[in-house]
Amino acid sequence: MTTTTPARGRRRAPSRMERAAGRAAAFQKPRVILALLLLLALTSVMLLDGYLRSEIGNDARVRDGAAYDKVPSRILDGGPLLTFDRGTATTQSVPDRTIVLTFDDGPTATWTPQVLKVLEENDVDATFFMVGSMISRYPGVVKSLVKQGNEVGIHTFTHVDLSYQSAARLQRELKQTQLALAGAAGVTTTLFRAPYSSEIDAVDNYSWPVYQEIGDLGYTSVFVDTDSDDWKKPGVSKIVRWATPKKNKGAIVLMHDAGGDRSQTISALGTYIKKMKAKGYTFTTVSGAQAMLNGNRSGVGRQSGSAGAGAGASAGAGIGGTGAAQAAQHQAAGATLYEGRALVYAVAVAEWVVPALSWFLLVVGIAVMGRFGMMLVLARRHHRQRNRGRGKGGRGGGRFSWGPAVTRPVSVIVPAYNEKECIANTLRSLAKSTHPIEIVVVDDGSDDNTSEIAESLGMPNVRVVRQENAGKPAALNNGVRNARHDIVVMMDGDTVFEPDAVHQLVQPFADPEIGAVAGNAKVGNRTTLIGAWQHIEYVMGFNLDRRMYDLLRCMPTIPGAIGAFRRDAVLGVGGMSEDTLAEDTDITIALHRAGWRVVYQEHARAWTEAPGSLRQLWSQRYRWSYGTMQALWKHRKSLTDKGPSGRFGRVGMPLVVLFQIVTPVFAPLIDVFTGYSMVFVDFRAALLAWLAVLAVQLVCAAYAFRLDREKYRYLAMLPLQQLAYRQMMYLVLIHSCVTALTGGRLRWQKLKRTGEVGTPAGAGR
């Protein structure tokens, strides 16, 4: 029997549909690019944070005991200030009774401010040789330090031994530190101290060329005369004693304001300054000492007992002051200033984003592990409950039953749009049904003879209803209106039912509270790699989830491939809605809100043709993800409803949002963190962590396969699925989120079918 029914609702001429498709295609590409750019930005932030923390590009090698025969003896016997004038090296020593306090490896938010407080209380300025990565992390400390009248020098960006590095790495270390200084305090400097350096007589054949190159760039290399060895934490008295010059000589003294616990340094500093002032010593900066050597003693330091005099007053007038005590500093301007600020801002973002993401991902990881545990527990309970006494003759506490057997005829609705490859197999599988059925094929404007093929089979219980192309929801609604029975089974035009699928599917309707039943959809074309991946996903991700949602009474989706409904329930909620692209999720939530119970029937199996290419898979999952978001937003008021609607809103909706949207959106970052850790931090620990998570997933998947009586051999694809297929699904979801946030809309997308899914013979293969 053939009926022609015009489609209801607003119609679109083919030309308008083509134009809409063109507009949709034009909008999707930018959104994909935006999603990828977002992921790239987060990855870049992680890499920047890792670089700042010396996890990326770190070279911990330190040279020791090298020959020094190529270093001029006058340099090895010279003073701690090394400069180059047109290639000629010159050294200078600090004047007698003059102390140049220097601090290495900072700044830090903990110790540097305490050092500054002691210096300010004692009217002393110092020179701080700072690491660029630390400058960019604590720009406020650097700004205060310079404003107070202290001097800054470069200690490289990542604290590496430059004798091992290339010329390009050397210049990059210097430039990046200068940019950090410019961004933090608006200054640049010509002072340099190499990491792991000490007295000048320690210069060797490997480090000498480095100092020559640095000198040619206009830098003054600053060594030390007296090392306090405060990093050894020897105690306050020893730090003071070791930092004291002998025979009233002048000295550049080394201390540290970073690199560990510096409480002893803080305690010793005030004592040391008072002791040296009592001996008549003057404290100044490196630039101050150079000015004194050049005959200019004005504004180079604070004399003993002269509070507020000298460089502290003149140079402290502003950031990058021009006093002699800060002569090595220059006001940053132009591109250097703006690039420096950009660096500091980027680091500030990384400093906030990466820890926040780390904590968030920890919470997500715990939630995911909790979900796995909950799924296993509830799935086991569901299986034991629904299979109680099955195959045991009713022994073991009574056989599970929904109630009296449902034997009355039901209507099966088959929406079809250009399904010539599949429709014959679909109808032949229904013809073998063990349950009395009528079949309503709704041809949604096909132009490939789908309806003619259906009619040519000559099945007496098949009716073909033709309509203009209006989409799957309209076709399903048309089928519901034309159905003759009170229970309607909905399926896809490419799906093949097992002979007892309909009978198993409708048995829960013996319970009058049940309004809809979700069946067990299986991937029929699982012989390909993509098909096998989807097979794992269907068994583990979909069916295991449905068991859990069933017991929690908050089933979010009845699969379009196999689902059954009370006809009155469908009509009572207004039918299949065209408001979203996930009409199956939309109708399921609507039934919950109407007070109906939705359950999962694992024994009702249908075989569907999954997408056979990555392009088709992306298109399908993109529509599913976006449609699910639309449906959740549409029914958001269920969060405040009472009764069954409120139960779904406060139990089902949060679970769907957390585990189908939020967790997958952030899951790529977990993989990025894992890859980052493998490459830059600890490969073995990161690999073991990844394998542990994979083992948990494998256990869940194996249990899901056991419940569905599937062959375990497909689980060999699981590791590769985690490395490739899962990443694609994450990108699809991110793409959907971007589309939702930008207010985009999609049209229905028809997948290309092959018709390779036939009868379900050999289902366990």
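Each remark here, short or long, concerns the structure printed above.
Residues numbered from 1 in each chain as written. Predicted model: local features only at pLDDT ≥ 70, side-chain atom pairs only at ≥ 80, totals over all residues. Heavy atoms only, no water.

Structural notes on the side chain of Gln329
Move 1: Turning to its location among the elements, Gln329 is positioned in strand S14 (residues 329-331).
Move 2: Polar side-chain contacts of Gln329 include one of 2.8 Å to the backbone nitrogen of Val152. (Helix = DSSP H or I, 4+ residues; strand = E, 2+ residues; numbered from the N terminus. Polar contact = N/O pair within 3.5 Å; in protein donor to acceptor, adjacent residues only side chain to side chain.)

Concerning helix H17 (residues 529-552)
Move 1: Relative to the 34 Å expected for 24 residues at 1.5 Å per residue, H17 spans 34 Å between its end C-alpha atoms, a close match to the ideal helical length.
Move 2: With 20 of 24 residues buried, H17 is to be regarded as a mostly interior element.
Move 3: Positive backbone phi, approximately 60°, marks Arg553, located one or two places after H17. (Expected span 1.5 Å × (residues − 1). Buried < 20%, exposed > 50% of the residue type's maximum accessible area, 1.4 Å probe, protein only.)

Things to note about the nonpolar core
Move 1: Judged by nonpolar contacts, the single largest core of 62 residues is most densely connected at Met490, Tyr549, Phe565 and Leu591.
Move 2: Here the element with the most residues in this core is helix H22 (residues 683-707); it accounts for nine residues.
Move 3: In this structure Tyr549 touches Cys554, Met555, Pro556, Leu655, Val656 and Gln660, once residues within four positions along its chain are discounted.
Move 4: Grouped together as the second largest cluster of nonpolar side chains are 61 residues, Leu76, Val115, Val146 and Ile266 included. (Core = buried A, V, L, I, M, F, W, Y, C linked by side-chain atoms within 4.5 Å. Contact = heavy atoms within 4.5 Å.)

Quick look at a nonpolar patch on the surface
Move 1: On the surface, a nonpolar cluster with roughly 340 Å² of combined accessible area is contributed by Leu47, Val679, Phe680 and Val681.
Move 2: A total of three residues in the nonpolar patch trace back to one element, the largest contributor, which is helix H21 (residues 643-681).
Move 3: Checked against the element boundaries, Val681 lands in helix H21. (Patch = residues over 30% accessible without salt bridge, like charges linked within 9 Å, V, L, I, M, F, W, Y side chains within 5 Å. Areas by Shrake-Rupley, 256 points an atom, 1.4 Å probe, with all protein chains shown as cover. Salt bridge = Lys/Arg side-chain N within 4 Å of Asp/Glu carboxyl O.)

Some points on a negative patch on the surface
Move 1: Taken together, Asp77, Glu199, Asp201 and Asp225 make up a surface patch of like negative charges.
Move 2: One can find Glu199 in the loop between strand S8 (191-192) and helix H7 (208-216). (Lys, Arg positive; Asp, Glu negative; His and termini not counted. Charge placed at Lys NZ, Arg CZ, Asp CG, Glu CD.)

So, the pairing of strand S4 (residues 98-104)
Two faces, one strand: in a regular strand the side chains alternate between the faces of the sheet.
Move 1: For S4, a buried count of seven out of seven residues is recorded, marking the element as mostly surrounded by other parts of the structure.
Move 2: The alternating pattern of S4 places Thr98, Val100, Thr102 and Asp104 on one face and Ile99, Leu101 and Phe103 on the opposite face, and all of these are buried.
Move 3: Where S4 meets strand S12 (residues 282-284), three bridges bridge the pair, whose relative direction is parallel. When the sheet's bridge partners are listed, Val100 is paired in S12 with Thr284.
Move 4: The sheet contact formed by S4 and strand S11 (residues 251-256) spans six bridges and is parallel. Bridged to Phe103 within S11 is Met255.
Move 5: Looking at chain direction, S4 and strand S5 (residues 127-130) are connected through three bridges and run parallel. What sits directly across from Phe103, in S5, is Phe128. (Pairing = 2+ DSSP bridges.)

Digging into the packing of aromatic side chains
Move 1: Taken as a whole and judged by the stated rule, the model has seven aromatic pairs.
Move 2: Among the aromatic residues, ring-to-ring pairing joins Tyr538, Phe542 and Trp624 into one connected group.
Move 3: Above the ring of Tyr714, the side-chain terminus of Arg526 is found at 5.6 Å from the ring centroid.
Move 4: One residue, Arg636, lies across the ring of Trp633, its end atom 4.1 Å from the ring centre. (Phe/Tyr/Trp six-rings, centres within 6.5 Å; stacked < 30°, edge-to-face > 60°. Lys NZ or Arg CZ within 6 Å of the ring centre and 35° of its normal.)

Considerations on the side chain of Thr285
Move 1: Topologically, Thr285 is positioned in the loop between S12 and helix H10 (286-293).
Move 2: Overall, the relative accessible area of 0% leaves Thr285 in the buried class.
Move 3: Here Gly288 takes part through its backbone nitrogen, which lies 3.1 Å from a polar atom of the side chain of Thr285.

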